[in-house]
Amino acid sequence: MTSTTGVATQELAQWLDATLNVAAFKDYCPNGLQVEGKTHITRIVTGVTASEALLQAAVDRHADAVIVHHGWFWKNEDPRVRGPKRRRLQLALKHDLNVFGFHLPLDAHPEWGNNAQLGLRLGLSPRWNADGKPELCGPDNLVWLGHTQDGNTVQDIADRIRTTLKREPLVIGDLNARPAKVAWCTGGAQGFMDAAIDAGADLYITGEASEPNYHLAHETGVAFIAAGHHATERYGILALGQALAGQFDVQVEFIDLDNPI
Ligand SMILES: [Zn+2]
(Lines give C-alpha, C1' and ligand atoms only; values in the text may rest on other atoms or scores of the structure.)
Protein backbone atom coordinates (compact mmCIF):
# COMPACT_ATOMS: atom_id res chain seq x y z
CA MET A 1 0.00 0.00 0.00
CA THR A 2 1.46 3.38 -0.91
CA SER A 3 0.29 6.88 -0.13
CA THR A 4 -0.76 7.38 -3.75
CA THR A 5 -3.58 4.83 -3.50
CA GLY A 6 -6.91 5.27 -1.88
CA VAL A 7 -9.03 8.30 -1.18
CA ALA A 8 -9.50 10.69 1.74
CA THR A 9 -12.52 9.70 3.81
CA GLN A 10 -14.01 13.19 3.49
CA GLU A 11 -13.60 13.21 -0.28
CA LEU A 12 -15.31 9.84 -0.57
CA ALA A 13 -18.10 10.94 1.76
CA GLN A 14 -18.71 14.10 -0.25
CA TRP A 15 -18.70 12.25 -3.56
CA LEU A 16 -21.18 9.66 -2.28
CA ASP A 17 -23.50 12.30 -0.82
CA ALA A 18 -23.48 14.30 -4.04
CA THR A 19 -23.77 11.33 -6.39
CA LEU A 20 -26.62 9.73 -4.45
CA ASN A 21 -28.32 13.10 -3.94
CA VAL A 22 -28.60 12.44 -0.22
CA ALA A 23 -29.87 15.94 0.62
CA ALA A 24 -33.06 15.31 -1.40
CA PHE A 25 -34.31 12.53 0.90
CA LYS A 26 -36.25 12.55 4.14
CA ASP A 27 -35.37 9.16 5.55
CA TYR A 28 -35.70 6.93 8.61
CA CYS A 29 -31.96 6.98 9.22
CA PRO A 30 -29.01 9.28 8.59
CA ASN A 31 -27.53 8.71 5.12
CA GLY A 32 -23.80 9.00 4.44
CA LEU A 33 -20.89 8.59 6.83
CA GLN A 34 -22.54 7.25 10.00
CA VAL A 35 -19.43 6.30 12.00
CA GLU A 36 -16.13 8.02 11.33
CA GLY A 37 -12.98 5.90 11.18
CA LYS A 38 -9.63 6.30 9.41
CA THR A 39 -9.07 9.50 7.45
CA HIS A 40 -7.87 7.58 4.38
CA ILE A 41 -9.59 4.68 2.64
CA THR A 42 -8.00 2.07 0.38
CA ARG A 43 -10.00 -1.06 1.02
CA ILE A 44 -13.81 -1.07 1.06
CA VAL A 45 -16.25 -3.83 1.92
CA THR A 46 -19.84 -3.46 0.71
CA GLY A 47 -22.89 -5.43 1.77
CA VAL A 48 -26.64 -5.16 2.21
CA THR A 49 -26.69 -4.71 6.00
CA ALA A 50 -24.11 -3.51 8.54
CA SER A 51 -24.62 -6.59 10.71
CA GLU A 52 -22.05 -7.78 13.23
CA ALA A 53 -21.07 -10.54 10.78
CA LEU A 54 -20.43 -8.07 7.96
CA LEU A 55 -18.39 -5.82 10.24
CA GLN A 56 -16.33 -8.81 11.33
CA ALA A 57 -15.78 -9.85 7.70
CA ALA A 58 -14.57 -6.31 6.97
CA VAL A 59 -12.19 -6.42 9.94
CA ASP A 60 -10.85 -9.80 8.78
CA ARG A 61 -10.06 -8.25 5.38
CA HIS A 62 -8.40 -5.17 6.93
CA ALA A 63 -10.98 -2.92 5.31
CA ASP A 64 -10.98 0.82 5.99
CA ALA A 65 -14.66 1.31 5.26
CA VAL A 66 -17.93 -0.56 5.10
CA ILE A 67 -20.65 0.75 2.81
CA VAL A 68 -24.16 -0.69 3.10
CA HIS A 69 -27.81 -0.16 2.22
CA HIS A 70 -29.06 -0.88 5.75
CA GLY A 71 -26.90 1.13 8.10
CA TRP A 72 -27.47 2.12 11.71
CA PHE A 73 -29.35 4.60 13.92
CA TRP A 74 -32.92 4.06 12.71
CA LYS A 75 -35.73 6.30 13.90
CA ASN A 76 -37.74 4.69 16.69
CA GLU A 77 -35.00 2.22 17.63
CA ASP A 78 -33.83 2.06 21.24
CA PRO A 79 -30.92 4.54 21.30
CA ARG A 80 -29.11 2.79 24.16
CA VAL A 81 -25.77 1.21 23.28
CA ARG A 82 -26.36 -2.30 24.56
CA GLY A 83 -26.18 -5.88 23.32
CA PRO A 84 -25.86 -6.31 19.52
CA LYS A 85 -25.69 -2.56 18.99
CA ARG A 86 -22.73 -2.28 21.37
CA ARG A 87 -20.91 -5.13 19.65
CA ARG A 88 -21.38 -3.65 16.19
CA LEU A 89 -20.22 -0.21 17.28
CA GLN A 90 -17.33 -1.67 19.22
CA LEU A 91 -16.07 -3.48 16.12
CA ALA A 92 -16.19 -0.30 14.06
CA LEU A 93 -14.57 1.92 16.70
CA LYS A 94 -11.93 -0.58 17.77
CA HIS A 95 -10.75 -1.08 14.20
CA ASP A 96 -11.17 2.53 13.04
CA LEU A 97 -13.65 1.41 10.38
CA ASN A 98 -15.70 4.02 8.55
CA VAL A 99 -19.34 2.97 8.27
CA PHE A 100 -21.43 4.47 5.48
CA GLY A 101 -25.15 3.79 5.06
CA PHE A 102 -27.38 4.76 2.13
CA HIS A 103 -31.01 3.81 2.49
CA LEU A 104 -33.62 5.57 0.32
CA PRO A 105 -30.98 7.31 -1.85
CA LEU A 106 -29.72 3.87 -2.86
CA ASP A 107 -33.22 2.54 -3.56
CA ALA A 108 -33.96 5.46 -5.84
CA HIS A 109 -30.77 6.14 -7.81
CA PRO A 110 -31.76 5.99 -11.52
CA GLU A 111 -28.73 3.90 -12.53
CA TRP A 112 -27.22 2.14 -9.51
CA GLY A 113 -30.29 2.06 -7.27
CA ASN A 114 -31.92 -1.13 -6.05
CA ASN A 115 -34.98 -0.61 -8.20
CA ALA A 116 -33.02 0.17 -11.36
CA GLN A 117 -30.77 -2.84 -10.80
CA LEU A 118 -33.61 -5.24 -9.96
CA GLY A 119 -35.41 -4.14 -13.12
CA LEU A 120 -32.32 -4.98 -15.17
CA ARG A 121 -32.06 -8.45 -13.66
CA LEU A 122 -35.72 -9.31 -14.05
CA GLY A 123 -36.03 -8.04 -17.62
CA LEU A 124 -38.26 -5.13 -16.63
CA SER A 125 -38.02 -1.93 -18.65
CA PRO A 126 -38.87 1.24 -16.78
CA ARG A 127 -41.15 3.77 -18.46
CA TRP A 128 -38.89 6.74 -19.11
CA ASN A 129 -40.49 10.16 -19.09
CA ALA A 130 -39.61 12.85 -21.61
CA ASP A 131 -37.19 14.37 -19.06
CA GLY A 132 -35.20 11.13 -18.91
CA LYS A 133 -36.52 10.09 -15.50
CA PRO A 134 -38.32 6.84 -14.76
CA GLU A 135 -42.08 6.91 -14.19
CA LEU A 136 -42.68 6.44 -10.47
CA CYS A 137 -45.55 6.21 -8.01
CA GLY A 138 -46.26 5.62 -4.34
CA PRO A 139 -45.01 7.28 -1.15
CA ASP A 140 -41.92 9.39 -1.86
CA ASN A 141 -42.12 8.14 -5.46
CA LEU A 142 -40.28 4.96 -4.52
CA VAL A 143 -42.21 2.52 -6.74
CA TRP A 144 -41.05 2.04 -10.32
CA LEU A 145 -43.39 1.43 -13.26
CA GLY A 146 -42.62 -0.36 -16.49
CA HIS A 147 -43.22 -3.48 -18.52
CA THR A 148 -41.61 -6.83 -19.22
CA GLN A 149 -39.25 -6.87 -22.19
CA ASP A 150 -40.64 -9.99 -23.83
CA GLY A 151 -44.30 -10.06 -22.89
CA ASN A 152 -43.46 -12.43 -20.07
CA THR A 153 -46.06 -14.21 -17.97
CA VAL A 154 -46.10 -14.03 -14.19
CA GLN A 155 -44.67 -17.56 -14.28
CA ASP A 156 -41.76 -16.41 -16.49
CA ILE A 157 -40.93 -13.65 -14.03
CA ALA A 158 -41.12 -16.05 -11.08
CA ASP A 159 -38.75 -18.41 -12.94
CA ARG A 160 -36.36 -15.56 -13.56
CA ILE A 161 -36.36 -14.71 -9.85
CA ARG A 162 -35.44 -18.33 -9.06
CA THR A 163 -32.54 -18.42 -11.49
CA THR A 164 -31.22 -14.87 -11.14
CA LEU A 165 -31.91 -14.01 -7.51
CA LYS A 166 -31.55 -17.64 -6.33
CA ARG A 167 -34.70 -17.19 -4.32
CA GLU A 168 -38.04 -19.02 -4.24
CA PRO A 169 -40.59 -16.23 -4.72
CA LEU A 170 -44.01 -16.07 -3.08
CA VAL A 171 -46.45 -15.61 -5.96
CA ILE A 172 -50.15 -14.69 -5.58
CA GLY A 173 -52.23 -14.50 -8.75
CA ASP A 174 -52.66 -16.03 -12.19
CA LEU A 175 -49.35 -17.55 -13.32
CA ASN A 176 -50.42 -17.45 -16.98
CA ALA A 177 -51.32 -13.76 -17.00
CA ARG A 178 -49.14 -11.45 -19.10
CA PRO A 179 -48.95 -8.22 -17.12
CA ALA A 180 -49.02 -5.15 -19.36
CA LYS A 181 -47.87 -2.85 -16.59
CA VAL A 182 -45.50 -3.94 -13.84
CA ALA A 183 -44.70 -2.02 -10.65
CA TRP A 184 -41.77 -2.85 -8.40
CA CYS A 185 -40.08 -1.63 -5.25
CA THR A 186 -37.31 -3.59 -3.50
CA GLY A 187 -37.17 -4.50 0.18
CA GLY A 188 -39.99 -4.12 2.67
CA ALA A 189 -42.37 -2.27 0.36
CA GLN A 190 -45.39 -4.60 0.64
CA GLY A 191 -47.39 -1.66 2.00
CA PHE A 192 -47.05 0.17 -1.33
CA MET A 193 -49.13 -2.39 -3.23
CA ASP A 194 -52.22 -0.17 -3.24
CA ALA A 195 -50.20 2.65 -4.80
CA ALA A 196 -49.13 0.22 -7.53
CA ILE A 197 -52.77 -0.79 -8.07
CA ASP A 198 -53.85 2.87 -8.23
CA ALA A 199 -51.15 3.44 -10.86
CA GLY A 200 -52.69 0.70 -13.03
CA ALA A 201 -50.16 -2.08 -12.49
CA ASP A 202 -51.14 -5.69 -13.28
CA LEU A 203 -48.26 -7.10 -11.24
CA TYR A 204 -46.50 -5.75 -8.16
CA ILE A 205 -43.07 -7.09 -7.17
CA THR A 206 -41.41 -6.33 -3.84
CA GLY A 207 -39.18 -8.04 -1.28
CA GLU A 208 -41.42 -8.92 1.66
CA ALA A 209 -45.06 -9.92 2.03
CA SER A 210 -47.73 -9.16 4.62
CA GLU A 211 -51.07 -10.83 5.19
CA PRO A 212 -53.16 -8.15 3.39
CA ASN A 213 -51.22 -8.61 0.13
CA TYR A 214 -52.97 -11.93 -0.45
CA HIS A 215 -56.45 -10.43 -0.22
CA LEU A 216 -55.54 -7.34 -2.24
CA ALA A 217 -54.20 -9.55 -5.03
CA HIS A 218 -57.35 -11.69 -5.08
CA GLU A 219 -59.79 -8.84 -4.85
CA THR A 220 -58.15 -6.65 -7.51
CA GLY A 221 -56.74 -9.28 -9.89
CA VAL A 222 -53.33 -7.63 -9.57
CA ALA A 223 -50.66 -10.30 -9.15
CA PHE A 224 -48.21 -10.02 -6.26
CA ILE A 225 -44.68 -11.37 -5.94
CA ALA A 226 -42.44 -11.23 -2.86
CA ALA A 227 -38.88 -12.10 -3.92
CA GLY A 228 -37.04 -11.51 -0.63
CA HIS A 229 -35.98 -8.30 1.09
CA HIS A 230 -32.28 -9.15 1.05
CA ALA A 231 -32.43 -10.82 -2.37
CA THR A 232 -34.00 -7.77 -4.04
CA GLU A 233 -31.59 -5.34 -2.36
CA ARG A 234 -28.23 -6.91 -3.17
CA TYR A 235 -27.80 -5.17 -6.47
CA GLY A 236 -27.81 -1.46 -5.65
CA ILE A 237 -24.88 -1.68 -3.28
CA LEU A 238 -23.10 -4.02 -5.72
CA ALA A 239 -23.50 -1.47 -8.54
CA LEU A 240 -22.43 1.39 -6.28
CA GLY A 241 -19.27 -0.52 -5.34
CA GLN A 242 -18.44 -1.07 -9.00
CA ALA A 243 -18.94 2.63 -9.68
CA LEU A 244 -16.65 3.49 -6.74
CA ALA A 245 -13.92 1.19 -7.97
CA GLY A 246 -14.07 2.97 -11.33
CA GLN A 247 -14.02 6.43 -9.79
CA PHE A 248 -11.31 6.07 -7.14
CA ASP A 249 -8.11 4.12 -6.65
CA VAL A 250 -9.71 1.77 -4.12
CA GLN A 251 -10.34 -1.95 -3.76
CA VAL A 252 -13.98 -2.86 -3.33
CA GLU A 253 -15.32 -6.24 -2.30
CA PHE A 254 -19.05 -7.03 -2.10
CA ILE A 255 -19.80 -9.60 0.58
CA ASP A 256 -23.17 -11.31 0.27
CA LEU A 257 -24.07 -12.73 3.68
CA ASP A 258 -27.26 -14.49 2.76
CA ASN A 259 -30.49 -13.73 4.57
CA PRO A 260 -33.60 -15.80 3.76
CA ILE A 261 -35.94 -12.90 4.58
ZN1 LIG B 1 -34.29 -2.65 2.83
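Residues numbered from 1 in each chain as written. Predicted model: local features only at pLDDT ≥ 70, side-chain atom pairs only at ≥ 80, totals over all residues. Heavy atoms only, no water.

**What about the nonpolar core?**
Here comes step 1: Core analysis: the largest hydrophobic core is formed by 22 residues, its most contacted members being Leu12, Leu16, Ile67 and Phe100.
Here comes step 2: With five residues, helix 10 (residues 235-247) is the largest single contributor of residues to this core.
Here comes step 3: Apart from the residues within four sequence positions on either side, Leu16 is in contact with Ile67, Phe100, Phe102, Leu240 and Leu244. (Core = buried A, V, L, I, M, F, W, Y, C linked by side-chain atoms within 4.5 Å. Buried < 20%, exposed > 50% of the residue type's maximum accessible area, 1.4 Å probe, protein only. Helix = DSSP H or I, 4+ residues; strand = E, 2+ residues; numbered from the N terminus. Contact = heavy atoms within 4.5 Å.)

**Details of the coordination of the zinc ion**
Here comes step 1: Bound to the zinc ion on the protein side are His70 (NE2), His229 (NE2) and Glu233 (OE), at distances that span 2.0 to 2.1 Å.
Here comes step 2: Mapped onto the sequence, the residues coordinating the zinc ion show the spacing H-x158-H-x3-E. In this pair, His70 is assigned in strand 5 (residues 65-70) and Glu233 in the loop between helix 9 (229-232) and helix 10, connecting sequence segments 163 residues apart.
Here comes step 3: Judged by its relative accessible area of 14%, His70 is buried.
Here comes step 4: Look at Glu233 and you get buried, because its relative accessible area is 2%. (Donors = N, O, S within 2.8 Å, 3.2 Å for Na, K, Ca; no water.)

**Some thoughts on the domain arrangement of the chain**
Here comes step 1: One can read the domain layout of the chain as domain 1 (7-107) and domain 2 (110-232).
Here comes step 2: For domain 1 and domain 2, the distance between their C-alpha centroids amounts to 28 Å.
Here comes step 3: Both sides of the domain 1 and domain 2 interface together cover about 750 Å² of buried area, and 58% of this is carbon and sulfur.
Here comes step 4: Sorting the residues of domain 1 by area buried against domain 2 places Val48, Leu106 and Asp107 first, and these three jointly supply 54% of that buried surface.
Here comes step 5: On inspection of domain 1 and its partner domain 2, the count reaches zero salt bridges. (Domains from an automatic or database assignment. Buried area = accessible area lost by both parts, 1.4 Å probe. Salt bridge = Lys/Arg side-chain N within 4 Å of Asp/Glu carboxyl O.)

**What to know about the side chain of Asn114**
Here comes step 1: Residue position: Asn114 is located in helix 5 (residues 114-122).
Here comes step 2: By relative accessible area, Asn114 is classed as buried at 0%.
Here comes step 3: Side chain to side chain, Asn114 and Asp107 meet in a polar contact 3.0 Å long.
Here comes step 4: Excluding its chain neighbours within four sequence positions, the residues that come into contact with Asn114 are His69, Leu106, Asp107, Thr186, Thr232, Glu233, Arg234, Tyr235, Gly236 and Ile237. (Polar contact = N/O pair within 3.5 Å; in protein donor to acceptor, adjacent residues only side chain to side chain.)

**Some points on the packing of helix 2 (residues 52-60) against helix 3 (residues 83-94)**
Here comes step 1: For the pair helix 2 and helix 3, the least separation of the axes is 9 Å and the interaxial angle reads 15°. Between helix 2 and helix 3, the interaxial angle falls into the category roughly parallel. At the point where helix 2 passes helix 3, the crossing takes the left-handed sense. Residues Glu52, Leu55, Gln56 and Val59 of helix 2 pack against Arg87, Arg88, Leu91 and Ala92 of helix 3. (Axes fitted to C-alpha atoms, helices over the stretch in contact; angles between N-to-C directions. Parallel < 35°, antiparallel > 145°, perpendicular 65-115°, else oblique. Left-handed = near helix turned anticlockwise from the far one by under 90°.)

**Regarding the layout of surface pockets**
Here comes step 1: Roughly 340 Å³ of internal volume is contained in the largest pocket.
Here comes step 2: Lining of the largest pocket is provided by 15 residues; of these, Asn21, Phe25, Ala108, His109 and Pro110 occupy positions nearest its centre.
Here comes step 3: Across the lining of the largest pocket, the residue classes tally to nine nonpolar, four polar and two charged.
Here comes step 4: Per-domain counts for the lining of the largest pocket show at least three residues from each of domain 1 (7-107) and domain 2 (110-232).
Here comes step 5: One number sums up the size of the second largest pocket: a volume of about 260 Å³.
Here comes step 6: Broken down by secondary-structure element, the contributors of at least two residues to the lining of the second largest pocket are strand 5 and helix 4 (104-108).
Here comes step 7: In terms of residue class, the lining of the second largest pocket is built from seven nonpolar, seven polar and two charged. (1 Å grid on protein atoms, 1.4 Å probe; cavity = no way out; pocket = protein on both sides within 12 Å on 5 of 7 lines; lining within 4 Å. Points joined across faces, edges and corners; volume = space filled by probe spheres on them. Nonpolar A, V, L, I, M, F, W, Y, C, P; charged D, E, K, R; others polar.)

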